[in-house]
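Summary of structural features
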Amino acid sequence: CEGLLEENPKSVAVENFYNTPEDVESAVNAIYTPLRSIRAEQIVILDAHSDWGYGRGSRAQYNDFAGLNTSNANAAGARWDSFYKAIRNANLVIANAPNGDAISQEEVDFYVAEARFLRALTYFDLVRNWGGVPLRTEENMQQGDLPRSTVDEVYALIVEDLRFAEQYLDESPRQVGRPTVYAAKTLLADVYLNLGDYEMALQKSGEVIRSGNFSLVPVTSVKDIQTNIFGADLLTSTEEIFYFKYSRDTDQGNFILWILNHPDTGHFNFGGAYAHYGDAANPFYTEWDDADLRKGLWDQVDFGLGTTTLVSSKYVEPAAVSRNDGGNDLPVYRYAEVLLIFAEAEARVSGGPTSAAIDALNQVHRRAYGLDSGMESEVDLKFSSGESARFLEAVLQERGYEFQFEGKRWLDLKRTGKAQEMIMKNKGLAIAEAHYLWPIPISEINFNGAINPETDQNPGY
Amino acid sequence: QGKVIIEEDQYVTADKVFRIIGEQTNYNFIYPKEFFKDLPKFQLKKGEFTVSELLDQILRRNNLDFSLGNNTILITESTLVKELRQQYQVTGSVKDKQGIPLAGANIIEKGTSNGVVADFDGNFTMEVSRPDAVLSFSFIGYETKDVPVGQNTEIKVQLAEDAQGLEEIVVIGYGTVRKSDLTGSVSQVKSKDINAFPASNVLQAVSGRAAGVQVIQNNGSPGSPISVRIRGTNSVQGGNDPLYVVDGFPFSGNPTQLNNSDIESIEVLKDASATAIYGSRGANGVVLITTKQGKEGKTRIDIETSTSMQSLRKKLSLMNAREYARFQNLQAANDNIPLYFTDQQINSYSEGYDWQDLIFQDAPIISTSLNVSGGNSKTRFSLAGGFFGQEGIIKGSDYNRYSLRLNLDHNISEKISVNFNTTLTHLKTERKDSGGGHRGNSMIGAALSAAPISQPYDENGNYTVLGNEFPFVAPDIINPLNFINELSNVTKANVVLSRLAFTYQPIEELTLKVAGGIENRDDRSDGYRSRNFYNSEGIAGVSTGQFRSLLSETTLAYNKVFGEKHRFSALAGFTYQDFVKTTLSASGVGFLSDEFETHNLGAAQNHNVPGSSYSKSVLLSYLGRINYTYSDRYLFTFSFRTDGSSRYSPGNKWGYFPSGAVAWKLSEEEFLKDNSLISDLKIRGSWGLTGSQAISPYTTLNQLSPGNTVFDDQLVNTFAPGSSLPGDLKWETTEQFDLGLDLGLWEGRMVFNADFYVKNTRDLLNVVRLPSSLGFTSTVQNVGKVQNKGIELGLDTRILSGSMFEWDLFGNISFNRNKVVSLYNGEDILGASINVLVVGDNATILKEGRPIGQFWGFKEDGYDEGGRIKFQDLDGDGKITANDKTYIGDPNPKFIYGLNSSMRYKNFELTLFIQGSQGNDILNVSSIPSTLDYGQGMNMPKEVLYDHWTPENQNAKYPLISRNVSARMSDRFVEDGSYLRFKNIQLAYNLPAGISEKAGFRNIQMYVSAQNYITFTRYSWWDPEVNSRGAGTQLGIDHYSYPIPKSLTVGLRLGL
């Protein structure tokens, strides 16, 4: 009789999985799911914090620079949950893959490297937006109560993970969308930039550039940008370092189209919620050179908030399968960013803009005017070697133009200490302390005994 | 005297015996020939006997006497028979109050064994021994009546239904017992009450009828789930509904397939002595449902039909168009943004559109059933067909049930009989209960939030896009027409419940029963969102589920009376039941035409990944019970069950559930036996353990779920755990102690029942929330202990019982107190996460020493100088933090009650049925967005406009109208949910027997009734009977719920 009481669920369980390379690969794939599902939201919300971005409805509150209210704190909490779900899935791979009984050490190293790359990427998002967070690794993945680590400890893990990933990842991706050794180097460069280790940022970004594997996609029109860099039909491009990939399948597509678009633009076959927008009266926009093709990625649409309202047309998708499922990929790192990281690091290490630094900046700049990025041109920005501050400002501004709705600006402003200055300049607002870091969510504080809601919460909450 | 030798064993006639005696002796016999005409043959044993011995053998038992003379033997009637010879013949009839013949009624001459049974027409003929004889008329379910014969030769008797019913049979687990022999706590609800008014679910009929039983309706949608709580909430992991056993089959859930008119009785087993025989499924009580069985006699046909009209109980008083425009301007002014409306525009508006009128309608219920029953001494049957069709008061919703049932009994031989029950049901329901949400993104939310200055259709006849109407309107809101016309969600189900039992009775004391049963439910849900729905290209989804449960039961029962005083019965059994569920689902997006609906998923432009699932669990059980009664005064019951469940971790699969009970019938003791006041008095006590199977199959396994992600523009597989972390789990066990008293007064005209109980549940299973940084958001653990204790009182009286006027009153009241005794590490467990944008927080808490489901939030402290809500800083740290949250309400009632008054005057019957709940709170989540989410263009109740904070009105109900409202989960949203409700008021007229007989009917009853027409409550929203989140640990939450309607019914009951 006892045999009747055994459970045979006709499914796989943690206890009997992670044995073959196929098992482990499918477990690695599961790390992407939560990250892909929130990328669009993370991007638009970060950009609503910037000096050029605005949110509508409940998202209007992001532009008050007063910290997050309850509904937006909860939305941030939902993103936190997804980040940590990705970290859990990465930890399961890191912990279990080495014990597989039908997998080679080489394969184990490769998959662990991919998992550690994604874990590092996730902690990088967490540490910049929440500060020192609980550091979940394969060592403590079962431990309920875990205190916040310091920012330094988080970065230490990120660097350690990326060093490992850099060593064991492939030169070119097995499938488009998987990280390569260059993705790891680019992410490392960005991490070092944030740590103020410009030597290493320079070294890593330089390694990517010198590999010669990447180049900027040439464009001559706004449409080229929409189609050849961010288009829904693209499989990949020479500019892709690391992107989250989406496809025109239900629940597998990109949500950003719905968030950003307005039905009047005709850029998206499901209309759009135009939840985030820009303002043509904002100095960021008025000071922008009209000849810059990137400025053309904004359409002026008056939907009730005034005639200067701008709606983004960076992402265009005429054939989505539902409002949540466009085919456009979301860039995490493009080659343009490697060039700009290089430019900044080079200038900072050398104490001023070198010709290599200026050239890297101008490559991005020229391309934005529809010119050959490798040829000197009349739009080239010119600096003398002592103009360190002006050069760094120019790089920052170039990043501001280049990475709209890629979620970079607010973090750049925070990193460079320019946030208050620029927000005051372009929006005329003071930033409350609470706005710099999002609150540790209720879903963590209420159930993590090692976090004291009184003393461990971020400032202002 | 001579001896007679019988040479061999033989069967012989009386004549032959006399001849043998005559041949071997010289005796002659003198007797009237007819004495032996009908006598059977006698068995003569081989051997040598005296004449007396032989005659004794054959005569005494036939009430004959003999006297031996010298050569003659005179055979005469015995003294007893001589008395009977001097008889008086009486004829008559036995009927009930409605004039329906009571076939099979017993008529006994008091003090003798002389008796007859009434025939099919209720008629009888009998001879009584003395002119002063008293005839006692009795029939199961009716009060016994004594009538002196006197000079009458014809006696017509009408028996009243037995209010006290002490000799009634009560169904208990795996058997039946005389009601007077009950040792446990069992409530019974009869067919008449179950069928008093139309209800889609038989459990609705139990509400208010049985003490200690709380029937909780989630909302008013047709076919809405119903939860039943017997003696409070034990478990926080979900399983709090009792086990339903339909004609002996432990059913998998709510028995929605049954038609109310098919039910003979419902027994609710409450204490452990009654429920422990169901072991691991008994902790929440057991509801035994018995369908109508055929009776020996003339074939009877019963037809019932009724029509009801339901309507919304009340509309909420919302702002009209002009008020709305003024209100929006107030917000703009307070937030220092340009006003939305000019005075001229405001003045141009008047009433505007009340969107409640768009979604609500008056809606009918039609209910019809036919039952044919009858049989003879070998075969009995009951056959029924029924239809129940309900449309909902929200447009487009409905619930339809078609059912067929057959119950068949057949005696194959004296010792073997077979019993077969089967029900076939087809259910079809269209759901339109899009509730919840915020800013009008659900249908019900939108009906309250849509701007009265907007109209459902634009000038081109298209649905207005409400979010685009005005720039200040939040984009979330969806025109309810989208839900009504462009969204369909239809569920169809076929349910089969069949059970076949063979009974073998080799000797009278021993009964072996072998039964097998099957429950099968195939359902299919079709959801379609048309191309016309806001921002839709057409989405179709179909999902099907196949559930099957197989049951095998073998029981052996032994019944024996030893001597006069020892009554003993025992039961032992073995059962196996398994539960297999498979599902399949598929969906597609993007249709060129709405024509396909869900009927050609292949026509979709994109196909979603199809899904399928499988789960199986098994329950193996051994059970036993012993009942012993000494001298009809002292009753003892002991029962035991052991269950093995596949759902638990190895080593924890088996659970053991003993129980014991004692009862003392004081009224059988000498000192009370002939008491004129107290006719019945019994005290009962019981103790026992029961269990809960609160977890789903595979909960203890760390399963990985498949999914997809994208590389190369291709889908690839993913495997990862879900969001719940599995753990080692063992049984949740409930220990219950019960003390009861049954008191009957004045020959049972008044019966009083009282029970006191304490239930302690240990190893409580619960979802424990984990810090989300674990990647798992929850796990299940055996975390703690919960206690329920309470008192149940029932009173059943026959106030008046004349032949013209009768008045019966039945009432019950129950008090239950629930508290969490201990939790894992003493940690609080937060629940009921509520996110309506303006507030997002947990609204309930499990905390040691406090009841389950208690509301948890901030206490308000008036307004600050700017009109913003202030909160009490309970920990005094100068800040408002989560530490300032406290108890703000309790959804558990202080007591619940029911009162049924049934009056009959001649042929009229007036029935009032009142049901209520006192002292429970409701968390009105609807009111959070609907009264505080300003600046989003939402319409709101009028009082928000007329009673909000201004410098002149600082003591207002609502704060300053500004989009920067400082709302938190607070006591503001907690309302008193007590109510007293006339569940049913019915006036019935029975056509006089003469008239109906002429028309060829046994009886005809016509009635009109009103349900929910009178309700006393202080709850501000639509209806206090509401539980948006079901009846688990999130009781009493109202979040834009489908309201319960009131209804008016006319009906007809025919018997022939």
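Residues numbered from 1 in each chain as written. Chains lettered and ligands numbered in written order. Predicted model: local features only at pLDDT ≥ 70, side-chain atom pairs only at ≥ 80, totals over all residues. Heavy atoms only, no water.

1. Looking at the packing of helix α13 (residues 409-416) of chain A against helix α14 (residues 419-427) of chain A
Residues and elements named next belong to chain A. Note the following rule: Axis angles are defined between N-to-C directions and span 0 to 180 degrees, where every axis is a line fitted to C-alpha atoms and, for a helix, only to the segment in contact. Numbering of helices and strands runs from the N terminus; a helix is a DSSP stretch of H or I covering at least four residues, while a strand is a stretch of E covering at least two. Small angles under 35 degrees read as roughly parallel and large ones over 145 as roughly antiparallel, with 65 to 115 read as roughly perpendicular and the rest as oblique. The contact rule is simple, with two residues in contact once any of their heavy atoms fall within 4.5 Å.
Contact geometry of α13 with α14 gives a least axis separation of 7 Å together with a crossing angle of 125 degrees. Put simply, α13 runs oblique to α14. For the pair α13 and α14, the contacting residues are R409, W410, L413 and K414 in the first and A419, M422 and I423 in the second.

2. Some details on the side chain of S639 of chain B
Residues and elements named next belong to chain B. Basically, it comes down to this: We call a residue buried when its accessible area falls under 20% of the maximum for its residue type, exposed when it is over 50%, and partly exposed in between, using a 1.4 Å probe and counting protein chains only. Each polar contact in these results corresponds to two N or O atoms within 3.5 Å; when the atoms are within protein, one needs to be able to donate a hydrogen and the other to accept it, and residues that are neighboring in sequence are counted only if both atoms are side-chain atoms.
Looking at where S639 falls in the secondary structure, it is placed in strand β35 (residues 634-645). Looking at S639, the relative accessible area reads 0%, which means it is buried. Looking at S639, its side chain comes within polar contact range of the side chain of S659, at 2.8 Å. If we ignore the near neighbours within four places in the chain, the residues touching S639 are S273, A276, I277, G624, R625, F657, P658 and S659.

3. Looking at unusual backbone geometry
Residues and elements named next belong to chain B. If you check the backbone angles, D713 has positive phi at about 65 degrees while not being a glycine. Relative to the assigned elements, D713 resides in the loop between β38 (704-711) and β39 (714-721). According to the relative accessible area criterion, D713 is partly exposed, its value standing at 34%. At N1012, a residue that is not glycine, the phi angle is positive and equals roughly 60 degrees.

4. Remarks on the domain arrangement of chain A
All names here are of chain A. Formally: Residue ranges for the domains trace back to a domain assignment, done automatically or taken from a database. Buried area is understood as the total, over both parts, of accessible area removed when two parts are fitted together, assessed with a 1.4 Å probe.
Each assigned domain of chain A is listed here: domain 1 (17-169 + 418-450), domain 2 (196-245 + 329-416) and domain 3 (252-312). Of note, the centres of domain 1 and domain 2, computed from C-alpha atoms alone, are 24 Å apart. The interface of domain 1 with domain 2 comprises 30 residues on the first partner and 26 residues on the second. The three residues of domain 1 that bury the most area against domain 2 are R39, W52 and K418, which together make up 27% of that side's buried surface.

5. Quick look at the interface of chain B and chain A
To keep things clear, this is the line we draw: Any carboxyl oxygen of Asp or Glu within 4 Å of a side-chain nitrogen of Lys or Arg constitutes a salt bridge here. For this classification, Asp, Glu, Lys and Arg are treated as charged, while Ala, Val, Leu, Ile, Met, Phe, Trp, Tyr, Cys and Pro are nonpolar and the rest, including Gly, are polar.
If you look at the interface, chain B gives 63 residues, while chain A gives 67 residues. Of the roughly 5,700 Å² buried at the junction of chain B and chain A (both faces included), carbon and sulfur atoms supply 55%. Counting across the interface, chain B meets chain A through zero salt bridges. If you look at where chain B meets chain A, you find 23 residue pairs in polar contact (both at pLDDT 80 or more). Elements represented by at least two residues in the side of chain B that touches chain A include exactly β32 (566-589), β34 (611-630), β35, β38, β39, β45 (829-835) and β46 (840-846) of chain B. In terms of residues, the side of chain B that touches chain A owes the most to one element, β39 of chain B, which gives seven residues. For the side of chain B that touches chain A, a count of residues per class yields 28 nonpolar, 24 polar and eleven charged.

6. Overview of helix α12 (residues 388-402) of chain A
Residues and elements named next belong to chain A. Rule in force here: Multiplying 1.5 Å by the residue count of a helix minus one yields the expected span of that helix.
The terminal C-alpha atoms of α12, which comprises 15 residues, lie 21 Å apart, in line with the 21 Å expected from a rise of 1.5 Å per residue. Of all 15 residues in α12, eleven are buried; the element is thus mostly enclosed. Every buried residue of α12 is accounted for by S388, F391, L392, A394, V395, L396, E398, R399, G400, Y401 and E402. Contacts from the buried residues of α12 go to α9 (283-286), β6 (330-334), α10 (335-350), α11 (355-368) and α13.

7. Observations concerning empty space enclosed by the protein
Residues and elements named next belong to chain B. Put simply, the rule reads: Definitions used for this entry: grid spacing 1 Å over protein atoms alone; cavity, a set of points where a 1.4 Å probe fits but cannot get out; pocket, an open set with protein on both sides within 12 Å along at least 5 of 7 lines; lining residue, one with an atom within 4 Å of a point. Grid points are joined across faces, edges and corners, and a volume is the space filled by probe spheres set on the points.
Applying the stated rule across the entire model yields 13 cavities of 30 Å³ or more. For the largest cavity, the calculated volume is near 380 Å³. In terms of lining residues, the largest cavity is bounded by 28 residues, among which P198, Q204, Q217, N1012 and I1044 are the most central. When contributions to the lining of the largest cavity are tallied by element, the ones reaching two or more residues are β18 (213-217), β24 (297-311) and β26 (379-391). A total of three residues in the lining of the largest cavity trace back to one element, the largest contributor, which is β18. Of the residues that constitute the lining of the largest cavity, the class distribution is eleven nonpolar, 15 polar and two charged. What lines the second largest cavity is a set of 26 residues, among which Q214, V215, I216, S917 and Y979 lie closest to the centre. Listed by contribution, the elements that provide at least two residues to the lining of the second largest cavity are β18, β51 (895-905), β52 (908-918) and β53 (921-924).

8. Description of the pairing of β53 of chain B
All names here are of chain B. Condition: We treat two strands as partners when DSSP finds at least two bridges between them.
Residues D921 and L923 point to one face of β53 and I922 and N924 to the other, with burial holding for every one of them. In this sheet, strand β54 (residues 974-976) lies alongside β53 in antiparallel orientation, the contact comprising three bridges. For I922, the partnering residue across the bridge sits in β54 and is E975. Examined bridge by bridge, β53 and strand β58 (residues 1037-1038) share two bridges and lie parallel to one another. Among the inter-strand pairings, N924 is bridged to a residue of β58, identified as D1038.

9. Considering the sheet that holds β54 of chain B
Reading across the sheet, the three strands line up as β54-β53-β58 (chain B) and stay open at both edges, with mixed pairing between neighbours. With partners counted over all chains shown, the strands left at the sheet margins are β54 and β58 of chain B, one partner each.

10. Focus on the pattern of salt bridges
All names here are of chain A. As enumerated under the stated definition, the model contains 88 salt bridges over all chains in all. Between R178 and E114 there is a salt bridge, and its shortest N-O distance comes to 2.7 Å. Note that R178 is positioned in the loop between α4 (151-168) and α5 (181-195) and E114 in helix α3 (residues 105-130), a separation of 64 residues in sequence. Classification of R178 by relative accessible area gives buried; the value is 4%. For E114, a relative accessible area of 1% puts it in the buried group. Residues participating in the shared-partner salt-bridge network are E239, D292, R294, K314, R334, R367, E398, E402 and E406.

11. What about the nonpolar core?
The criterion, for reference: The criterion is simple. A nonpolar core is a set of buried Ala, Val, Leu, Ile, Met, Phe, Trp, Tyr and Cys residues joined through side-chain atoms within 4.5 Å.
Core analysis: the largest hydrophobic core is formed by 145 residues, its most contacted members being F117, Y123 and I158 of chain A. If you tally residues by element for this core, the top one is α3 of chain A, at 15 residues. The contact partners of Y123 of chain A, leaving out residues within four places of it in the chain, are Y84, I87, V133, P134, L135, R136, V154, L157 and I158 of chain A. In terms of nonpolar packing, the next biggest core, distinct from the first, is built from 76 residues, F858, M938, F973 and W1021 of chain B among them.

12. Observations regarding α11 of chain A
Residues and elements named next belong to chain A. End to end, α11 covers 20 Å across 14 residues, agreeing with the expected 20 Å (1.5 Å per residue, within 8%). Of all 14 residues in α11, eleven are buried, a share of seventy percent or more. Where α11 is buried, its residues contact α7 (222-229), β6, α10 and α12. After α11 finishes, the residue G370 shows a positive phi value of roughly 80 degrees.

13. Details of the packing of aromatic side chains
For the record, the criterion: Each pair of aromatic rings taken from Phe, Tyr and Trp, with Trp reduced to its six-membered ring, is defined by centres within 6.5 Å and is described as stacked if the planes are under 30 degrees apart, edge-to-face if over 60, and tilted in the remaining cases. Two conditions define a charge located above a ring, namely a distance within 6 Å from the ring centre to NZ of Lys or CZ of Arg, and an angle within 35 degrees of the ring normal.
Taken as a whole, this structure holds 62 aromatic pairs over all chains when the rule is applied. Between F815 of chain B and F895 of chain B, the ring centres sit 5.3 Å apart and the planes meet at 45 degrees, which makes this aromatic pair tilted. Here F815 of chain B is found in strand β44 (residues 805-822), whereas its partner F895 of chain B is found in strand β51, with 80 residues between them in sequence. When its relative accessible area of 28% is taken as the criterion, F815 of chain B is described as partly exposed. In this structure F895 of chain B comes out as partly exposed when scored by relative accessible area, which is 23%. Through a chain of ring-to-ring contacts, the aromatic side chains of W52, F284, Y285, W288, W298, Y401 and F405 of chain A assemble into a single cluster. Directly above the aromatic system of F711 of chain B lies the positively charged group of R178 of chain A, at a separation of 3.9 Å from the ring centroid.

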